[in-house]
Amino acid sequence: MDVMNEKVLEKLKAKLSDAVLEANEFRGELTIIVPKERIVEVCRFLKEDEELAFDLLADLCGIDMYTPENRFGVIYNLYSLKTKHRIRLKTFTEEEHPRVPTVTGVWGTANWHERETYDMFGIIFEGHPDLRRMYMPDEFEYHPLRKDFPLMGIPGSLDLPKK
Amino acid sequence: MEQKPETIIRKTKILEALENEHVSVTFDDPLENDMVLNMGPQHPATHGVLRLLIKLDGETVLASVPELGYLHRGYEKLAENCSFHEFIPHTDRLDYLSPLSNNTAYVLAVEKLLGIEAPPRAQYIRTLISELARISSHLMFLGSLAMDVGALTVWMWSFREREKLYDIFEKIAGARFTTSYTRIGGLAQDVTPETLGIIRLFISELPEKIRECEKLLNTNHIFLGRVDGVGSISKEQAIDLGLTGPCLRACGVELDLRRANPYLVYNDLDFNIPVYEGGDCLARYYVRMAEIKESIKIVLQVLEKIPAGEVKAHQPKKVLPGKHQVYTKMEELIHDFMLVNFGVEPPQGEVYHAVEAPKGELGFYIYSNGEGQPWRLKIRSPSFVNLQSISVMIKGAMISDIVAVVGSLDPVMGEADK
Amino acid sequence: MGLESWMGDGYIATKLEDVINWCRKNSLYPMPMGISCCAIEMMAAAGPRFDIARFGSEVMRFTPRQCDVMIVAGTTTFKMAKVVRKIYDQMPEPKWVIAMGACTSSGGMYRTYSVVQGIDQFLPVDVYVAGCPPRPDNLLNALMLLQQKVQRGECKGTSPAYVGDFHGSHQAKIAGQ
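Note that this is a predicted model, so its numbers are computed, not measured.

*Asks:* Got a minute to help me understand the interface of chain C and chain B in this structure?
*Replies:* Interfaces are often sized by the amount of accessible area the parts lose when they come together. Taken together, the contact pairs 30 residues of chain C with 33 residues of chain B. Carbon and sulfur atoms supply 66% of the area buried between chain C and chain B, which totals about 2,900 Å² over both sides. Looking only at chain C, the three residues that lose the most surface to chain B are I40(C), K79(C) and Y110(C), adding up to 19% of its buried area. If you look at where chain C meets chain B, you find five salt bridges. A salt bridge links R176(B) to E41(C), with the nearest nitrogen and oxygen atoms 3.1 Å apart. At the junction of chain C and chain B, the tally comes to 15 residue pairs in polar contact (both at pLDDT 80 or more). If you tally residues by element for the side of chain C that touches chain B, the top one is helix α3 (residues 37–45) of chain C, at five residues.

Rendered as structure tokens:
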């Protein structure tokens, strides 16, 4: 494993050992799977630690694994301005009422990213100041990026002005 | 007896969000009149289809809420149904002011997933076209910022230079604008020495033209009055809001992915990173003008150092073979058929690769489960994240400052809305 | 109702119609509904190399109240369709529409849930321009075709009292109803 990746994993396990469910490395990038109740703690630790200092949230997205349990996942791509290093965090949530605590308190940029994830997947972020749809109109009833939504859309879901 | 019809005022969610926005500017106004104005999706100065709802007190902005989604074309869902090769023309239309840069970014992400590398000549040519795309995008920024603020001549001059760049792109890739030039494992076709000569001629004439435009703007007190001190944002707020690219470098943070996490051949080239303090529109303007000059330097170095060789990697199961081979040999025909029908089949895993696009950090997150189509493709577009900071930047400014701020942030709605 | 109805079908009336249409065709002010990538090529058509001003489109007025032809350039989504229709309704008659690019003609390369497959589903279109994006000379060709159409007095989206084809189409409308 890469030197920097090992250091991150070591420090995280030392401080919050039960928050690391799984960790693997692919093409030099470290991915850590975290349970969803501990995600805010882990993010805050990674941001405020002196050596690691992951202060830029590069990307936050959702993913639909289409498995019976733990269907939806949320992926956080972090970047450190000091060490120029990247890691990735992942949490999973279930299909029925997908809820994940928000990280808007840690990084302000997560606001719009979480709104977009809510719009596309339907994952509700608890504690988000302003959870509205981002791209689709407010009256749209479906969540487009789920695997069971067809690419061409559902006829009648969006209306057109008359000719 | 007739009943009066009820007036129903529909309060949409976005209007509620505007009313909940924290108003940090207080005003001693005996009239105390708030007005909600809609700078709608169709507007001459909003750089595309951006809708801004602003709460005004006279001409001063108290709070604002941007609304996106008027150009949402469903790219991420499209990507789950296209093979990796088929998605390359779609990446052109993301940041449509510098399409070659997006092509390079996507192909680098896929090559990282597959674990292959393009040959050296292809790397140098990709660096060349990325820098030409950066020059093209910043020239457009110059023209539209000047036009929004009132100097129409500069727009005409920068468009004249962009037309010369379009001619160069046509010689390299065959299309003026939406090029789709890079391929997984290399490039679509090679660049002739005559084209390199034309590029050298263009680059040698460009500094003079930039100087002419700067003479009109840099000491012009009308331009400076409209742009200086307007729309400022502090360093901590910028990092917290996730700004990247020239907007972040104008706040005093030295972050450029070409130096921090080098890709292509930026390690072997010698260039500076312009950083300015202030975080206002003027600083962003200075950063971008300095970046054009740095890009000119990079292009000259690449033209010196470009090696001879081929432009496609030798990986038959992953790289599309050339057409002349497909028509004459059996092996290549079979590989072409398999690659076009079933797609490149990468190992299962996920990658995130980001490059320094002209607008900021353009990143592609690809999760693949072994099939020819990506399971999930997320585009981290710089304009989407940069637009989040608009409501912070225009608090307390006037309506005409909004135009200058949006022009200096330089958003492109094609990538903000995906 | 109109000058044509007062003067009736005669030699002077037809010549007057021709002169009016000639004036109209040589001063078509475009309303640029620039939405995405085709807007850049439309701006290039207004730039110094492919000059649209020499065809009479001297300024691109961004207000619909002063324009004749609306050039819809870029992918129209369902959310944006309402806005485009609103702007079209605000233009004074006679008005024409040029659908620029593949996305406005038929949805283009986006067969997805949020893209309208062709703006002729909610707007009457006069000229379609192919290309992704069409070159500026292609747009100028479309403008010239539109000018020929204006000279003939045809218009898809307006009431016939305002262009030269008054008698024939008005009769057809009455007979149809």
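*Asks:* What's the story with the confidence of the model for chain A in this structure? I'm lost.
*Replies:* Any region with low pLDDT has predicted coordinates that should not be read closely. Here chain A averages 88 in pLDDT, and 99% of its residues register 70 or above. Element-level pLDDT for chain A is lowest in helix α1 (residues 3–15) of chain A, with a mean of 85, against a maximum mean of 92 in strand β4 (residues 72–79) of chain A.

*Asks:* For this particular structure, what's the right way to read the sheet that holds strand β7 (residues 360–368) of chain B?
*Replies:* Within a sheet, each strand pairs with its neighbour through backbone hydrogen bonds, oriented either parallel or antiparallel. All names here are of chain B. The antiparallel open sheet is built from three strands, whose spatial order is β6-β7-β8. Both edges of this open sheet fall to β6 (349–357) and β8 (376–380), since each of them pairs with a single strand only. Strand after strand, the sheet turns through a mean of 10° between neighbouring axes, direction not considered. Bridge count between β7 and β8: five bridges; the pairing is antiparallel.

*Asks:* Please clarify how unusual backbone geometry should be interpreted in this entry.
*Replies:* Most of the time, phi is negative for any residue but glycine, and the peptide bond is trans. Along the chain, C132(C) connects to P133(C) via a cis peptide bond; the corresponding omega equals -5°. By secondary structure assignment, the location of P133(C) is in the loop between β4 (127–129) and α6 (136–152). Located in the positive-phi region is L264(B), a residue other than glycine, with phi close to 45°. Tracing the chain through its elements places L264(B) in the loop between α11 (257–260) and α12 (281–305).

*Asks:* Sorry if this is basic, but what is going on with the pairing of strand β2 (residues 29–33) of chain A here?
*Replies:* Residues in a regular strand point their side chains to alternate faces of the sheet. Residues and elements named next belong to chain A. For β2, the buried fraction is high: five of the five residues fall into the buried class. The side-chain alternation of β2 yields two buried faces, one formed by E29, T31 and I33 and the other by L30 and I32. Sheet topology places strand β1 (residues 22–26) next to β2; five bridges connect them, and they run antiparallel. Each bridged residue has a counterpart across the sheet, and for E22 the counterpart in β2 is I33.

*Asks:* Can you help me understand the confidence of the model for chain C in this one?
*Replies:* Within chain C, residue pLDDT values average 82, and 82% of them lie at 70 or more. Overall fold confidence for the complex sits at a pTM of 0.89, while the interface term, ipTM, reaches 0.93.

*Asks:* In this structure, what is going on with the nonpolar core? I would like to understand it.
*Replies:* Of all hydrophobic cores here, the largest spans 211 residues; its most connected members are L46(A), Y76(A), L89(A), I199(B) and M70(C). Counting residues domain by domain, this core receives three or more from each of domain 1 (13–67) and domain 2 (75–417) of chain B. What L46(A) contacts, discounting residues up to four positions off in sequence, is V8(A), L52(A), A53(A), F54(A), L78(A), I87(A) and L89(A).

*Asks:* Can you help me understand the pattern of salt bridges in this one?
*Replies:* Two side chains that carry opposite charge are able to pair once their charged atoms sit near each other. Residue and element names in this part refer to chain B. Applying the stated criterion across every chain, the model contains 48 salt bridges over all chains. Among the ionic pairs, K164 bridges to E161, the shortest N-O distance being 3.6 Å. Highlighted residues: K164 and E161, both in helix α6 (residues 152–173), separated by three residues, approximately one helical turn. For K164, a relative accessible area of 29% puts it in the partly exposed group. Among the ionic contacts, a cluster of salt bridges with common partners joins E131, R134, R249, D256, R258, E291 and E356.

*Asks:* Sorry, what's going on with the packing of aromatic side chains here?
*Replies:* Here the distance between the centres and the angle between the planes together describe a pair of aromatic rings. Evaluation of the coordinates by the stated rule reveals 18 aromatic pairs over all chains. One aromatic cluster is present, formed by Y75(B), F87(B), Y106(B), F364(B) and Y110(C) through successive ring pairs. Sitting over the face of the ring of F159(B), R162(B) holds its NZ or CZ atom 5.9 Å from the ring centroid. Lying across the ring of Y88(C), K95(C) places its NZ or CZ 4.2 Å from the centre.

*Asks:* For this particular structure, what's the right way to read helix α3 (residues 110–121) of chain A?
*Replies:* Structurally, the α-helix is built with 3.6 residues per turn, so residues lying three or four positions apart point the same way. Residue and element names in this part refer to chain A. For α3, built from twelve residues, the straight-helix expectation of 16 Å at 1.5 Å per residue is met to within 8% by its first-to-last C-alpha distance of 16 Å. With eleven of twelve residues buried, α3 lies mostly within the body of the structure. Along α3, the residues classified as buried are A110, N111, W112, H113, E114, R115, E116, T117, D119, M120 and F121.

*Asks:* I would appreciate a short explanation of the interface of chain A and chain B in the present structure.
*Replies:* If you look at the interface, chain A gives 47 residues, while chain B gives 49 residues. The largest share of the area that chain A buries against chain B comes from R27(A), W112(A) and Y135(A), three residues that together contribute 18% of it. Here chain A is connected to chain B by eight salt bridges. When the shortest N-O distance is used, the salt bridge between E116(A) and K378(B) registers 4.0 Å. Viewed at the interface, chain B and chain A are joined by 23 residue pairs in polar contact (both at pLDDT 80 or more). Per-element tally for the side of chain A that touches chain B: the top contributor is strand β3 (residues 56–64) of chain A, with eight residues.

*Asks:* Would you take a moment to explain the packing of helix α7 (residues 193–217) of chain B against α12(B) for this structure?
*Replies:* Each pair of packed helices can be summarised by the angle the axes make with each other and by the distance between the axes. Residue and element names in this part refer to chain B. Orientation of α7 relative to α12, taken along the N-to-C sense of each, is 160°, at an axis distance of 10 Å. In terms of their interaxial angle, α7 and α12 are classed as roughly antiparallel. For the element pair α7 and α12, the recorded crossing hand is left-handed. For the pair α7 and α12, the contacting residues are L196, I199, R200, I203, L206, P207, I210, E214 and L217 in the first and Y285, M289, I292, K293, I296, V299, L300 and L303 in the second. For the contact of α7 with α12, a count of residues per class yields 14 nonpolar, no polar and three charged.

Procedures and definitions
- Residues numbered from 1 in each chain as written.
- Chains lettered and ligands numbered in written order.
- Predicted model: local features only at pLDDT ≥ 70, side-chain atom pairs only at ≥ 80, totals over all residues.
- Heavy atoms only, no water.
- Contact = heavy atoms within 4.5 Å.
- Buried area = accessible area lost by both parts, 1.4 Å probe.
- Salt bridge = Lys/Arg side-chain N within 4 Å of Asp/Glu carboxyl O.
- Polar contact = N/O pair within 3.5 Å; in protein donor to acceptor, adjacent residues only side chain to side chain.
- Helix = DSSP H or I, 4+ residues; strand = E, 2+ residues; numbered from the N terminus.
- pLDDT = per-residue confidence, 0-100.
- Pairing = 2+ DSSP bridges.
- Axes fitted to C-alpha atoms, helices over the stretch in contact; angles between N-to-C directions.
- Buried < 20%, exposed > 50% of the residue type's maximum accessible area, 1.4 Å probe, protein only.
- Core = buried A, V, L, I, M, F, W, Y, C linked by side-chain atoms within 4.5 Å.
- Domains from an automatic or database assignment.
- Phe/Tyr/Trp six-rings, centres within 6.5 Å; stacked < 30°, edge-to-face > 60°.
- Lys NZ or Arg CZ within 6 Å of the ring centre and 35° of its normal.
- Expected span 1.5 Å × (residues − 1).
- Parallel < 35°, antiparallel > 145°, perpendicular 65-115°, else oblique.
- Left-handed = near helix turned anticlockwise from the far one by under 90°.
- Nonpolar A, V, L, I, M, F, W, Y, C, P; charged D, E, K, R; others polar.

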